[in-house]
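# Analysis of the macromolecular model
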Amino acid sequence: MRIVTSVRAMKSAAARFKAAGRTIGLVPTMGSLHEGHLSLVRASKKAADVTVVSVFVNPSQFGPGEDLKTYPRDLKRDARLLRAEGADILFHPRPEEMYPRGYRTYVEVHDLQNRLCGASRPTHFRGVCTVVLKLFHIVRPDRAFFGRKDAQQAVIIRRMAEDLDVDVRIEIRPIIRDSDGLALSSRNAYLSAEERRAALVLTRSLKEAKMTIERGENRSAAVLARIRRRVAAEPLARLDYAAVVDPEDLEPLAVIQGRALVAVAVFIGRTRLIDNVTVETAKKKRR
Ligand code: PAF
């Protein structure tokens, strides 16, 4: 595996792969890799000739007061894991190269970026879209792989790629969970033992929501009330939001019919965690 740290070197490697007719899979990450990321690497290896994994803690997607400085970083460990998975290139650019002095250009996906996580992180998705579009230009992937835990991010990146005519297939892969159900996240590393236990409130409230819907409750307000009650009962947890939305366009659903995404963000102590579940109920037949 090659470690590439300059944009120029990454662009010329991509150009060589393209000239040789090889397909490129890209797995964008912020490092501190876990099984969720590695499952994306495996999917890319199956689907593309060459797999590039970017490891870049993207400053533009962190708001003031967020955890940019403390975000876990361990490039040596990441490189070891990626080598073991057979990734071809680890792309690790410096922030000064991705955002040089005088940098002024940002990508926004209107409306979608303001909902759910965007309500409490107003510049987050503009940062995500900007860096992902830059990575698309630099790496020129045929396919790019993202996890479904960041369901809103997935919807927004799909929209951006379509709206801006980027020739890339966006692949969204399942959430990978610990044996007790907690969704894997690099931010789980912040949790104390007690907080780790409390964090299961995300998994449990979503499980309960799914069961409630599958048993016939189709009013989102009733489902959300249950989630709020459960989170309120956990002393270390504070709800940021809970929502039931259309999985394609993130529009809030008052009545659940067909597919719905139930998404939550919860602060466990100072750590903000997200999770979601998709439910599918039969659509009522029109008479
Ligand atoms: O999902 C993430 O880890 C990041 O938002 C991404 C897509 C790598 C962009 O920095």
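The rules behind these values
Residues numbered from 1 in each chain as written. Predicted model: local features only at pLDDT ≥ 70, side-chain atom pairs only at ≥ 80, totals over all residues. Heavy atoms only, no water. Helix = DSSP H or I, 4+ residues; strand = E, 2+ residues; numbered from the N terminus. Rg over C-alpha atoms; globule rule 2.2 N^0.38 Å. Buried < 20%, exposed > 50% of the residue type's maximum accessible area, 1.4 Å probe, protein only. Expected span 1.5 Å × (residues − 1). Arc of directions from axis to C-beta. Contact = heavy atoms within 4.5 Å. Pairing = 2+ DSSP bridges. Axes fitted to C-alpha atoms, helices over the stretch in contact; angles between N-to-C directions. Core = buried A, V, L, I, M, F, W, Y, C linked by side-chain atoms within 4.5 Å. Near = heavy atom within 4 Å. Polar contact = N/O pair within 3.5 Å; in protein donor to acceptor, adjacent residues only side chain to side chain. Areas by Shrake-Rupley, 256 points an atom, 1.4 Å probe, with all protein chains shown as cover. Phe/Tyr/Trp six-rings, centres within 6.5 Å; stacked < 30°, edge-to-face > 60°. Lys NZ or Arg CZ within 6 Å of the ring centre and 35° of its normal. Disulfide = S-S within 2.5 Å. 1 Å grid on protein atoms, 1.4 Å probe; cavity = no way out; pocket = protein on both sides within 12 Å on 5 of 7 lines; lining within 4 Å. Points joined across faces, edges and corners; volume = space filled by probe spheres on them. Nonpolar A, V, L, I, M, F, W, Y, C, P; charged D, E, K, R; others polar.

## Some thoughts on the overall build of the protein chain
The number of helices and strands found in the protein chain is 10 helices and 9 strands. Against the compact-globule benchmark of 19 Å for 287 residues, the protein chain has a radius of gyration of 20 Å, which places it among compact chains. Seen through its C-alpha atoms, the protein chain measures out along the principal axes to roughly 55 × 50 × 40 Å. The buried share of the protein chain, taken over its 287 residues, is 53%.

## What about helix H9 (residues 200-214)?
Across its 15 residues, H9 extends 21 Å between first and last C-alpha, which sits within 8% of the 21 Å expected from 1.5 Å per residue. Residues of H9 that are buried: Leu-200, Val-201, Leu-202, Thr-203, Ser-205, Leu-206, Glu-208, Ala-209, Thr-212 and Ile-213. Positive backbone phi, at 120°, marks Gly-216, one or two positions downstream of H9.

## Some points on helix H3 (residues 75-85)
Within H3 the residues assigned to the buried category are Asp-78, Ala-79, Leu-82 and Glu-85. Projected down its long axis, H3 carries its buried residues within an arc of 125°, all on one side. Residues of H3 that are exposed and point over 90 degrees away from its buried face: Lys-76, Arg-80 and Ala-84. Packed against the buried residues of H3 are strand E1 (2-4), helix H2 (35-47), strand E3 (50-55) and strand E4 (89-91). Backbone geometry just downstream of H3 places Gly-86 in the positive-phi region, at approximately 80°.

## Let's talk about the sheet that holds E3
With parallel pairing, 6 strands are arranged side by side in an open sheet as E1-E4-E3-E2-E5-E6. Of all the strands in the sheet, just E1 and strand E6 (169-173) have a single pairing partner and so form its edges. Adjacent strand axes in the sheet meet at a mean angle of 25°, parallel and antiparallel pairs treated alike. Sheet strands touched by helix H7 (residues 151-163): strand E5 (143-147) and E6. Its angle to E6, the strand with the most contacts, is close to 170°.

## Details of the nonpolar core
Counting residues in each nonpolar core, the largest one holds 52 residues, and the members touching the most others are Met-10, Val-52, Phe-91, Phe-136 and Ile-170. The residues contacting Ile-170, other than those within four sequence positions of it, are Phe-136, Ala-144, Phe-146, Ile-157, Arg-158 and Ala-161. Listed in part, the 27 residues of the second largest apolar core include Leu-206, Ile-227, Ala-260 and Val-277.

## A word on the site of the ligand
Around the ligand, the neighbouring residues are Pro-28, Thr-29, Met-30, Asn-58, Gln-61, Val-128, Val-131, Phe-146, Asp-150 and Gln-153. Separating an oxygen atom of the ligand from a side-chain N or O atom of Gln-61 is a distance of 2.6 Å. In this structure, an oxygen atom belonging to the ligand sits 2.7 Å away from a side-chain N or O atom of Gln-153. Taken by itself the ligand offers 290 Å² of open surface, and the protein chains cover 88% of this.

## Here's the deal with the pairing of strand E8 (residues 259-268)
With 9 of 10 residues buried, E8 lies mostly within the body of the structure. Bridge count for strand E7 (residues 237-245) against E8 is 8 bridges, and the pairing is antiparallel. The residue bridging Leu-239 from the neighbouring strand is Val-266, located in E8. Where E8 lies against strand E9 (residues 271-280), 10 bridges are found, and the strand directions are antiparallel. Residue Ala-265 lies in a different strand from E9, and its bridge partner there is Ile-274.

## What about the packing of aromatic side chains?
Enumeration according to the criterion identifies 4 aromatic pairs in this entry. Summarising the aromatic geometry, the rings of Tyr-99 and Tyr-103 are spaced 5.0 Å apart at their centres and angled 80° between planes, so their arrangement reads as edge-to-face. Residue Tyr-99 is classed as buried on the basis of its relative accessible area, which comes to 15%. Overall, the relative accessible area of 18% leaves Tyr-103 in the buried class. A network of ring pairs unites the aromatic residues Phe-56, Tyr-99, Tyr-103 and Tyr-106 as a single cluster. A cation sits over an aromatic face here: Arg-126 above Tyr-106, 4.0 Å from the ring centre.

## Describing the state of the cysteines
Summed over the entire model, instances satisfying the criterion amount to 0 disulfides. Free cysteine Cys-117: the closest other cysteine sulfur is in Cys-129, separated by 13 Å. Under the relative-accessibility criterion, Cys-117 is labelled buried at 7%.

## Details of empty space enclosed by the protein
Applying the stated rule across the entire model yields 1 cavity of 30 Å³ or more. Size it by volume and the largest cavity reaches roughly 30 Å³. Lys-149, Leu-182, Ala-183, Ser-185, Asn-188, Leu-202, Leu-273, Ile-274 and Asp-275 are the residues that line the largest cavity. Here the element with the most residues in the lining of the largest cavity is E9; it accounts for 3 residues. Tallied by class, residues from the lining of the largest cavity come to 5 nonpolar, 2 polar and 2 charged.

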